[in-house]
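So the chains spell out like this:
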Amino acid sequence: MNRRRFLGCCGASVPLLLSGCVRPPGTGNGSSDVSVEIVSRDDQPEAPVEYAVEAVEPLATDEHPARLRVSITNRSDAAVVVGEERAVQFHHVASEDRALYLHPAGEGAGDAPVEPGCWRLTEHVGVPEYYGTVALDPGESVRGESYVYGHPDLPADACLPAGDHRVRTQGSVGDDEEAVAGGEGGTAFEWGFTLRLAE
């Protein structure tokens, strides 16, 4: 698996007005764990890639946020290139109702402006402007993990909003890195799933 990055991609956030949350911030009593369940998944995209998603940490507690793992597999008999790298792995992707924000887990995740225990981002995350791609050999997979955070545009007293939240992303797959990054020569696709949050 090879990764490449190209300049020229940027992200933006949309303001949100939303009321109601699973728990207030700063409870700190260990009695308000929030469960995160994947209740639906889209059909596989009409492209030579196959998606899977699982909740590897299905509870948000005072000690840690909930965590998802997304896998993308090249199901063709030829090498492919997939982009944009972060978007297709559901990194820095917001739910369609702008209630949740999937932040990359792993190295550097501790620097995110998030309120511990509440797990809501306290400000918007700066995302570097580049277009990343991932090259996959036949049958090869790439896996990415994300923390489930509350969106920074939630009201200041909100944490993780209860209910169903659909998350969807777009990508492109082709046999040439420059063509995929440039928007020509690749096959565009969409894929997503629905998360249910509850105490």
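Bear in mind the structure is a predicted one, so any value in this text is a computation, not a measurement.

S.K.: When you look at the confidence of the model for the protein chain in this model, what are you seeing that I'm missing?
M.R.: Interpreting fine coordinate detail is not advised for predicted regions of low pLDDT. Overall, the prediction assigns the protein chain a mean pLDDT of 85, with 82% of residues at 70 or greater. With pLDDT under 50 throughout, residues 6–31 is counted as low confidence; its partners more than four residues away or in other chains account for 72 contacts.

S.K.: Even after reading the chapter, I still don't get the environment of Gly-83, so can you show me in this structure?
M.R.: Here Gly-83 lies in strand E6 (residues 80–83). Each C-alpha atom of the pair Gly-83 and Val-180 lies 6.7 Å from the other, and the pair is 97 residues apart in sequence.

S.K.: I would appreciate a short explanation of the state of the cysteines in the present structure.
M.R.: By definition, a disulfide is the covalent link that joins the sulfur atoms of two cysteine residues. The final tally for this structure, using the stated rule, is one disulfide. Each sulfur in the disulfide pair Cys-118 and Cys-159 lies 2.2 Å from the other. Its torsion about the S-S bond being -120°, the disulfide of Cys-118 and Cys-159 is classed as left-handed. Residue Cys-118 is found in the loop between strand E9 (114–115) and strand E10 (120–121), and its partner Cys-159 is found in the loop between strand E12 (141–150) and strand E13 (163–174); the two are separated by 41 residues along the sequence. Given a relative accessible area of 0%, Cys-118 falls into the buried group. Given the relative accessible area of 0%, Cys-159 is considered buried.

S.K.: Is there a simple way to think about the pattern of salt bridges in this case?
M.R.: Any two side chains of opposite charge can pair, given that their charged atoms come close. Tallied over the entire structure, the rule returns 10 salt bridges. Arg-67 is the partner of Glu-145 in a salt bridge, and the nearest nitrogen-oxygen pair spans 2.6 Å. Here Glu-145 is found in strand E12, whereas its partner Arg-67 is found in strand E5 (residues 66–74), with 78 residues between them in sequence. Exposure remark for Glu-145: the relative accessible area of 22% places this residue in the partly exposed category. When its relative accessible area of 23% is taken as the criterion, Arg-67 is described as partly exposed. By sharing partners, the salt bridges in this structure join Asp-42, Glu-96, Arg-166, Arg-168 and Glu-190 into a single network.

S.K.: Please explain the packing of aromatic side chains as it appears in this structure.
M.R.: The geometry of an aromatic ring pair is captured by the separation of the ring centres together with the interplanar angle, meaning the angle of the planes. Per the counting criterion, the structure on display carries eight aromatic pairs. Between Tyr-51 and Trp-191, the ring centres sit 4.6 Å apart and the planes meet at 5°, which makes this aromatic pair stacked. Here Tyr-51, found in strand E3 (residues 49–57), pairs with Trp-191, found in strand E14 (residues 187–198); they are 140 residues apart in sequence, far enough to count as distant. One exposure class covers both Tyr-51 and Trp-191, and it is buried. Aromatic rings pair up to connect Tyr-51, Phe-90, Phe-189, Trp-191 and Phe-193 into one cluster. Lying over the aromatic face of Tyr-130, Arg-86 brings its terminal NZ or CZ to 3.8 Å of the ring centre.

S.K.: What should I look at first to understand the pairing of E6 in this one?
M.R.: Consecutive residues of a regular strand have side chains that alternate between opposite faces of the sheet. Both faces of E6 are covered, namely the face carrying Val-80 and Val-82 and the face carrying Val-81 and Gly-83. Sheet analysis places E6 next to strand E11 (residues 130–136), joined by four bridges and oriented antiparallel. The residue bridging Val-80 from the neighbouring strand is Leu-136, located in E11. Note that E6 and E13 share three bridges and pair antiparallel. Each bridged residue has a counterpart across the sheet, and for Val-81 the counterpart in E13 is Gly-174.

S.K.: I'm lost on the pairing of E13 in this one. Help?
M.R.: Sheet analysis places E13 next to E14, joined by 11 bridges and oriented antiparallel. Residue Gln-170 lies in a different strand from E14, and its bridge partner there is Glu-190.

S.K.: Got a minute to help me understand the nonpolar core in this structure?
M.R.: Proteins that are soluble and globular tend to have nonpolar side chains buried together. Tyr-51, Leu-68, Val-82, Phe-90, Phe-189, Phe-193 and Leu-195 are the most contacted members of the largest nonpolar core, which totals 38 residues. The greatest single-element share of this core, amounting to five residues, is contributed by E14.

Conventions adopted
- Residues numbered from 1 in each chain as written.
- Predicted model: local features only at pLDDT ≥ 70, side-chain atom pairs only at ≥ 80, totals over all residues.
- Heavy atoms only, no water.
- pLDDT = per-residue confidence, 0-100.
- Contact = heavy atoms within 4.5 Å.
- Helix = DSSP H or I, 4+ residues; strand = E, 2+ residues; numbered from the N terminus.
- Disulfide = S-S within 2.5 Å.
- Buried < 20%, exposed > 50% of the residue type's maximum accessible area, 1.4 Å probe, protein only.
- Salt bridge = Lys/Arg side-chain N within 4 Å of Asp/Glu carboxyl O.
- Phe/Tyr/Trp six-rings, centres within 6.5 Å; stacked < 30°, edge-to-face > 60°.
- Lys NZ or Arg CZ within 6 Å of the ring centre and 35° of its normal.
- Pairing = 2+ DSSP bridges.
- Core = buried A, V, L, I, M, F, W, Y, C linked by side-chain atoms within 4.5 Å.

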